[in-house]
Every structure is written in C-alpha cells, then in structure tokens.
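A structural walkthrough
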Amino acid sequence: MFGLDIFKFILATEILMFHSRSIGCSYGYVLNHFFFIGAVTMTAFFMLSGFVNEYSFGGKINCQKTTTLNFYVRRLISVLPGYYFTMVLYDLFVSDLSLGEILVLLPTEMMGLQSYYSSLFSVGHNGGTWFVSCILLCYALFPIITQYVEWIENKTKLLVILFLTLILFYLPLVTHEFSITTMYANPFTRFVEYSIGVLLASAYKGNQGWNGIVSKKQSIVILLLYILCVFGLVIYVVSNNLPMDYMLYSIIFLPVWILLIAFMTNIRIHNKGILKIIQFISEITYDMFLVQFFVWPVIAYIEKMFDINNFIRIVLSFGLCIGMSSIMHYLFEKPIQLKLRRWLVNDN
C-alpha cells in the first residue's frame, strides 16, 4: 500500500512543520493558523497504524506463519532500537536532568510507561517520545481485538466506529470543563484511535476494497469540500482565541483522516523510481519524529553564527531532519533490526 506510505510521510511532515514553529518558521497566514493546532495529526497516525496492522496481520494471528509472539517480536523490533538510541543520545547531549534523575526514570522509559504518568510529558525526552508508550499498548492489545473484529459484520463495525468517535469527542470535554491534564498523550485515547483504524481495515477487507461504498471521484470532491471547511474552522478557532486543547478538535478532523486513508489505500504506483523514493521516505518516517530533538538545537546554533531568513530556516529544518533520519536509520537502526529479525524470527 504505497499510498499509505505517502500519507504517513505527509503526516510526519505536518508534525515537523508544527514543531518548527518553535524556532520561528513561518508558512503564511493560512498554514500558520492550520499548523497552530497541527498536533491533531497524531490522531491520523494512530488510526493509520491500526489500519496497517489489521490489513497486514488481521486473521493471521495464531496461524502457523504469524503467531502472537511473532507479531510482538516484529513490532518491538520495529520500534525499540530507534527509541533506545534516541534515549541514549538525548540523555548524553541534550538532557538537563541530573544523573540520578535519569537513572530513576530509566526503567519507566525502557518499558515505555512514561505516558501513564501524565506529568512526565514535560520531563526529559518524554514530550517527544510519549507516542512510543502509546503505540506499545496498541500493539499489546492488537492480537486480542483483531480476533473479535474478524467476526463482526461491516454494519456493526461502522456502529462501533461511531461509538468510539463519540468517546473521542467526550473525553476532551471533561478535561476542558475541569481544567485538568489534556488527553493528548493518554494511552487509552490513542488506543481508541488505533482501534478505529483496525475496524476500518477490517471493513475494507470484508468489502474487498472500498468499491460500492464511495467512488474515487466522489471521495475527492467530498474530501476537498471538507478540507475547505476545516481550514475555515481552524482560522476561526485561532482568530477568536478559542480553547487550544488539540484533542477538542480531533473529532473535527476524524472524517478527513478516514477519507484520506480510504483514498490513499487505492493509489497504485508502477514507476520503479518513484517506488524507491516512497520506500525510502516510508523507512525514515518514524525516525523523523525522534531526530527532531537534535534538529532544533543545531538550527539554534547556526542562527547564532549566521543571519538566516525564514526560507533558509525552513530548508534547514527539512534538510537536517531528512538527513539525520537517514543516518540514524541506515547506519544504526536498520542493521540492528535485520540482525534481530534473523535471530528472533528467522527472517532471511
């Protein structure tokens, strides 16, 4: 599904642009307003993860080729090497925590439990690695939910998606009403989003694609109209200083993510050159999240040495992120993953 790989990279780029605002990058009036609440993109990431896992492994868990243990090992190998490498680099070169504080947090972070302590979001690297904690929970529960999803009729799946959507709408209302910690990095919230993706993929397979549900032309028209409405709403929200809890607006974007996943699933690409580029960007997308810890300090240092304008700042943000992600993935992460797969899951 190369279309979903492209979608994943687009989402990672949106998050990069959202974070780059912290170093003064500007993208114009409309996009600046849009990226002001750009963190809602993480909802699409968890939905996409659920969709891909169900499409790839749904119905195969506990079969000969893909046992539950095999699934867990593969998922952990895909996530932990880059995460641990980032932890080490951050604690050595970026962290302002004392050695004692780092050692106290180490077991929690090694096990991916930081998101269960809501106040740890602003401590150390956890403001950027919280999603690892959440995705590990999703992977842990996937073998359970996929077995139930396989037995549900498509109409029932759509009703369950609606119910889960209402949960996503309700949860941030509580945090807003009582001014308590946002649900942004909450594992349960992210698991609900992941489950929606699982249900979508199961419905897609059960219907043998999206044929008969909505045509490609209809999906494009609906998507464009909805995106225009979303842009208008975002500008209104920001311009009128409405509450900026990202999770309050995830519900608005949910139909966009569903339509985009449906549309991008059907994209077919045959050009070998383009396929190689898509494979490359797909492989480094995860690392693009992690290396941002090191991109922003480098740009801050460059700005102290040289007078750079907004365009150069944007180019540096993207260039350094792509470059660091490539180095981290191909020189460290991928070789370790290949060795672990050969050793633990007998991949040749």
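For the structure given in this document, a descriptive report is provided here. (Residues numbered from 1 in each chain as written. Predicted model: local features only at pLDDT ≥ 70, side-chain atom pairs only at ≥ 80, totals over all residues. Heavy atoms only, no water.)

All right, on to the overall build of the protein then. The helix and strand inventory of the protein stands at 13 helices and zero strands. Reading the helices (α) and strands (β) of the protein from amino to carboxyl end gives α-α-α-α-α-α-α-α-α-α-α-α-α. Looking at the protein residue by residue over its 348 residues, the buried ones come to 47%. Put simply, 80% of the contacts in the protein that link residues at least 6 apart link residues at least 24 apart. (Helix = DSSP H or I, 4+ residues; strand = E, 2+ residues; numbered from the N terminus. Buried < 20%, exposed > 50% of the residue type's maximum accessible area, 1.4 Å probe, protein only. Contact = heavy atoms within 4.5 Å.)

Counted by the stated rule, this structure contains five salt bridges. The closest approach of N and O atoms between Glu-54 and Lys-205, which form a salt bridge, is 3.5 Å. Here Glu-54, found in helix α3 (residues 41–57), pairs with Lys-205, found in helix α8 (residues 187–206); they are 151 residues apart in sequence, far enough to count as distant. Measuring nitrogen to oxygen at the nearest pair gives 2.9 Å for the salt bridge that ties Arg-190 to Glu-193. Taken together, the residues span about one helical turn, with Arg-190 and Glu-193 both in helix α8 at a distance of three residues. On the basis of relative accessible area, Glu-193 is assigned to the buried category, the value being 1%. It is possible to trace a salt-bridge network through shared partners that takes in Glu-54, Glu-150 and Lys-205. (Salt bridge = Lys/Arg side-chain N within 4 Å of Asp/Glu carboxyl O.)

Right, let's talk about the nonpolar core for a bit. Side chains of a nonpolar character, in soluble globular proteins, are inclined to be buried together. Formed by 78 residues in total, the largest nonpolar core has its most connected members in Phe-7, Met-42, Phe-131, Tyr-194 and Trp-257. With eleven residues, the single largest contributor to this core is helix α6 (residues 126–149). Leave out the neighbours within four places in its chain, and Phe-7 touches Ala-44, Leu-48, Trp-257, Leu-260, Ile-261 and Met-264. (Core = buried A, V, L, I, M, F, W, Y, C linked by side-chain atoms within 4.5 Å.)

Turning next to the packing of α3 against helix α10 (residues 247–265). Following both chains from N to C, one finds α3 and α10 inclined at 40°, their axes separated by 9 Å at the closest point. When the interaxial angle is binned, α3 and α10 end up oblique. Handedness of the α3/α10 crossing: right-handed. Counted together, Thr-41, Thr-43, Ala-44, Met-47, Leu-48 and Phe-51 of α3 and Ser-250, Leu-254, Trp-257, Ile-258, Ile-261 and Thr-265 of α10 form the full contact between these two elements. Split into classes, the residues belonging to the contact of α3 with α10 amount to eight nonpolar, four polar and no charged. (Axes fitted to C-alpha atoms, helices over the stretch in contact; angles between N-to-C directions. Parallel < 35°, antiparallel > 145°, perpendicular 65-115°, else oblique. Left-handed = near helix turned anticlockwise from the far one by under 90°. Nonpolar A, V, L, I, M, F, W, Y, C, P; charged D, E, K, R; others polar.)

What follows concerns a nonpolar patch on the surface. Taken together, the side chains of Leu-99, Leu-103, Leu-106, Met-110, Met-111, Leu-113, Tyr-116 and Tyr-117 make up a nonpolar region of the molecular surface, amounting to roughly 800 Å² of accessible area. Given the relative accessible area of 32%, Leu-106 is considered partly exposed. (Patch = residues over 30% accessible without salt bridge, like charges linked within 9 Å, V, L, I, M, F, W, Y side chains within 5 Å. Areas by Shrake-Rupley, 256 points an atom, 1.4 Å probe, with all protein chains shown as cover.)

This part covers the packing of helix α4 (residues 68–93) against helix α5 (residues 99–110). The interhelical angle for the contact between α4 and α5, taken along N-to-C directions, is 165°, at an axis separation of 12 Å. As judged from the angle between their axes, α4 and α5 are roughly antiparallel. By crossing handedness, the relation of α4 to α5 is classed as right-handed. Only Ile-102, Leu-106, Glu-109 and Met-110 of α5 make contact with α4, whose side of the interface consists of Tyr-83, Tyr-84, Met-87 and Asp-91.

So far we have only geometry, and geometry alone does not tell us how the molecule works.
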